[in-house]
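These are the residues of each chain, in order.
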Amino acid sequence: MAEVIRMPKMSDTMTEGVIVAWHKKVGDDVKSGDILAEVETDKATMELENYVKGTLLHIGIEAGQSVPVDAVIAIVGAKGEDVSALLNAAPTTSTLAASSAPVAETTSTPEISTSKPQTSNATDSRLKASPLAKKIAEEKGVDLSKIPGSGDNGRIVKKDVESYTPATSSSKTSVSLPAIVGSESYDDVTVTQMRKAIARRLSESKNGAPHFYLTMSINMNKVIEARKVMNEISPVKISVNDIIIKAVAASLRANPKANSSWLGDKIRMNHHIHIGVAVAIEDGLIVPVVKFADNKTISHISAEVKELADKAKNKKLQPTEFEGSTFTISNLGMFGIDQFTAIINPPESCILAVGAAKETVVVENGQMKVANVMKVTLSCDHRSVDGAVGSAFLQTLKDMLENPVRLLV
C-alpha cells in the first residue's frame with residue numbers, strides 16, 4: 001500500500017521547509033536509507049531520508065518552493081499503484097506546485113520518522129550514513145562507527161564527519177572537585193542627599209546635553225622636569241595636577257568660547273575663569289572651585305587646592321567654595337587610569353578628563369624616544385561648543401604643557 005511522505009519538523013522552531021533539490025524522480029525505485037531530497041529549514045539545510053521501500057509515485061513540490069510542516073511532499077508505493085485516493089484525502093497546500101503529469105508521475109511527499117536524533121550508531125543493526133558522509137569518511141580514513149550522527153535516527157551526515165575529531169588517549173585522571181558552600185548576602189545602603197543630587201544633576205546633564213568627546217595625547221616630560229625645579233623654591237609642594245589647573249586656566253583665557261555656560265535660551269560667555277576640581281569623598285563627588293585661577297601662581301593654586309580638598313573630605317566646605325565654576329577638571333591619573341570620559345557639570349559647557357602620564361615610546365625628529373604621555377579627553381556640550389572650539393582649546397593646552405615656561409610669562 002502506498003504511503004504518504006510529509007514535510008517533517010526538523011527543528012523546534014521550523015514552520016515550513018524549502019526543497020533545495022530532489023535526489024530522486026518520479027518512477028525511481030527507492031529503499032530505506034535513500035536520500036530523497038535536501039530541505040532548507042530555518043536553521044540549516046538537511047537531507048530528507050526515505051524509510052519506505054517501493055517506487056516514488058508522486059512529488060508534490062518542485063525544487064526551490066516552500067511547503068508547511070506536515071504538508072504532503074511525496075508518495076511511495078508499488079509501481080503503477082493508484083494514489084488518487086491518498087491525494088484527495090491529504091490535499092497539498094496552496095504553496096505546492098500543481099502537477100500536470102498523470103497520477104503515477106505527479107509530485108507528493110513521503111513520510112519520514114520524527115523520532116529524536118540519537119547520539120550514537122553503535123547499537124544500530126545497520127550503520128546509517130548519507131552517501132556523501134560515507135565518501136568523506138573514506139577519504140579521511142575515519143571509522144564511521146565512531147562518529148555520533150546528528151541526523152534523523154542518528155544518521156551520520158556530512159557535517160558530522162567534517163567536525164569529527166578522534167579521541168586521544170590521556171594519562172590524566174579526572175579530578176573530583178570539593179563542594180563549595182557559601183551564602184548570598186548584601187547590604188542596602190541608604191542613598192545620601194549628596195548622592196541623590198549627583199545622580200539627579202548628572203542624569204540631567206547626560207540625557208539633556210548632547211555630549212561629544214575630543215581626546216589628545218600630551219608629552220609631559222617638560223612638566224615633570226619643571227615640577228622638580230619649582231618644588232626646590234616653592235613654599236608648598238606642587239603637584240602635576242596643580243600645573244594642569246594653571247595650564248587649563250591659561251588655555252581658557254586664549255579660547256574664551258570653551259569657558260561658556262548653556263542657560264537654555266542663551267549662552268553665557270564667562271569673562272572670569274573659575275576652575276572646578278573634582279574631589280572624591282566618602283559620600284560621593286564634590287567640586288570645590290579655584291576662582292580666578294588664571295590670575296594665580298601655581299604655588300597659590302597648589303595651596304588653595306589642598307585646603308579645599310581637606311575641607312571637602314571633612315565636610316566643611318561652604319557653598320561659596322563649591323559653586324560658580326565655569327569649567328571642571330576630573331583627574332583619575334593618580335589611580336592609574338589611562339583614559340576616560342567625564343559627564344559635564346551643568347551649566348558648564350566642558351569638562352576635562354585627565355588620565356595618568358605613562359612612559360611611552362614616541363618618535364621625535366625621526367628618533368624613537370621614551371616620553372611620559374598623558375591622555376586628556378574633553379567632553380563638550382554641542383549646544384554651546386563646537387568641535388573646532390574644543391580642538392583649539394586642546395591644542396593650546398598641549399602647547400602650554402609641552403612648553404610649561406609659557407605658564408610663567
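Use the structure listed above.
1. Some words on the sheet that holds strand S5 (residues 45-49)
Two strands in a sheet stick together by hydrogen bonds in their backbones, pointing the same way (parallel) or opposite ways (antiparallel). Across the sheet, which stays open at both edges, the four strands sit in the order S5-S4-S2-S7 with antiparallel pairing between neighbours. Because the sheet does not close on itself, it has two edges, and the strands there are S5 and strand S7 (66-68). When the angles between neighbouring strand axes are averaged without regard to direction, this sheet yields 40 degrees. Pairing of strand S2 (residues 16-22) with strand S4 (residues 35-40) involves four bridges; the strand directions are antiparallel. Across the sheet, the residue bridging to Ile 19 is Val 39, located in S4.

2. A short note on the pattern of salt bridges
When the charged atoms of two side chains lie near each other, side chains of opposite charge can form a pair. Tallied over the entire structure, the rule returns eleven salt bridges. The closest approach of N and O atoms between Lys 25 and Asp 28, which form a salt bridge, is 3.4 Å. Salt bridges here are not isolated pairs; linked through shared partners, they connect Glu 307, Lys 311 and Glu 321.

3. Re the sheet that holds strand S16 (residues 327-331)
The strand order across the open sheet built from six strands is S9-S18-S17-S16-S12-S15, with neighbouring strands paired in mixed fashion. Two strands close off the open sheet at either side, each with one partner strand: strand S9 (211-219) and strand S15 (289-290). In the sheet, S9 pairs with strand S18 (residues 367-381) via nine bridges, with the strands oriented antiparallel. Residue His 211 lies in a different strand from S18, and its bridge partner there is Asp 381. Taken strand by strand, helix H9 (residues 387-402) contacts S9, S16, strand S17 (350-364) and S18, and its axis lies near 20 degrees from that of S9.

4. Notes on the environment of Phe 340
When you line up the elements, Phe 340 lands in the loop between S16 and S17. When sequence neighbours within four positions are dropped, the list of residues in contact with Phe 340 reads Ser 330, Leu 332, Ala 353, Val 354 and Thr 377.

5. Side note on helix H7 (residues 298-313)
With 16 residues, H7 should cover 22 Å at 1.5 Å per step; its first-to-last C-alpha distance of 22 Å lies within 8% of that length. All of the buried residues along H7 are Ile 298, Ile 301, Ser 302, Glu 304, Val 305, Leu 308, Ala 309 and Ala 312. Buried residues belonging to H7 abut helix H5 (221-233), helix H6 (240-254), strand S13 (279-281), strand S14 (284-286), S15 and helix H8 (319-322). Backbone geometry just downstream of H7 places Lys 315 in the positive-phi region, at approximately 60 degrees.

6. Considering the packing of H6 against H7
Running from amino to carboxyl end, H6 crosses H7 at an angle of 115 degrees, the nearest separation of the two axes being 9 Å. The crossing of H6 and H7 is right-handed. Each of Asp 242, Ile 243, Ile 245 and Lys 246 in H6 lies in contact with H7, whose residues at this interface are Ile 298, Ile 301, Ser 302, Val 305 and Lys 306. Taken together, the residues of the contact of H6 with H7 sort by class into five nonpolar, one polar and three charged.

7. Regarding the side chain of Thr 326
Among the secondary structure elements, Thr 326 is positioned in the loop between H8 and S16. Of the residues examined, Thr 326 reaches a relative accessible area of 2% and is grouped as buried. Every residue in contact with Thr 326, bar those within four places of it in the chain, is listed here: Asn 259, Ser 260, Asn 270, His 272, Ile 273, His 274 and Glu 348.

8. Some points on the nonpolar core
Here is a general trend for soluble globular proteins: nonpolar side chains tend to be buried in one another's company. Ranked by internal contacts, the top residues of the largest apolar core, which has 48 residues, are Val 248, Ile 275, Phe 327 and Leu 401. Among the elements that line this core, the one with the most residues is H6, at seven residues. If sequence neighbours within four positions are ignored, Ile 275 has contacts with Ile 245, Val 248, Ala 249, Leu 252, Pro 288, Val 289, Val 290, Ala 293, Phe 327 and Ile 329. Grouped together as the second largest cluster of nonpolar side chains are 21 residues, Met 7, Met 10, Met 14 and Ala 74 included.

What counts, and at which threshold
- Residues numbered from 1 in each chain as written.
- Predicted model: local features only at pLDDT ≥ 70, side-chain atom pairs only at ≥ 80, totals over all residues.
- Heavy atoms only, no water.
- Pairing = 2+ DSSP bridges.
- Helix = DSSP H or I, 4+ residues; strand = E, 2+ residues; numbered from the N terminus.
- Axes fitted to C-alpha atoms, helices over the stretch in contact; angles between N-to-C directions.
- Salt bridge = Lys/Arg side-chain N within 4 Å of Asp/Glu carboxyl O.
- Contact = heavy atoms within 4.5 Å.
- Expected span 1.5 Å × (residues − 1).
- Buried < 20%, exposed > 50% of the residue type's maximum accessible area, 1.4 Å probe, protein only.
- Left-handed = near helix turned anticlockwise from the far one by under 90°.
- Nonpolar A, V, L, I, M, F, W, Y, C, P; charged D, E, K, R; others polar.
- Core = buried A, V, L, I, M, F, W, Y, C linked by side-chain atoms within 4.5 Å.

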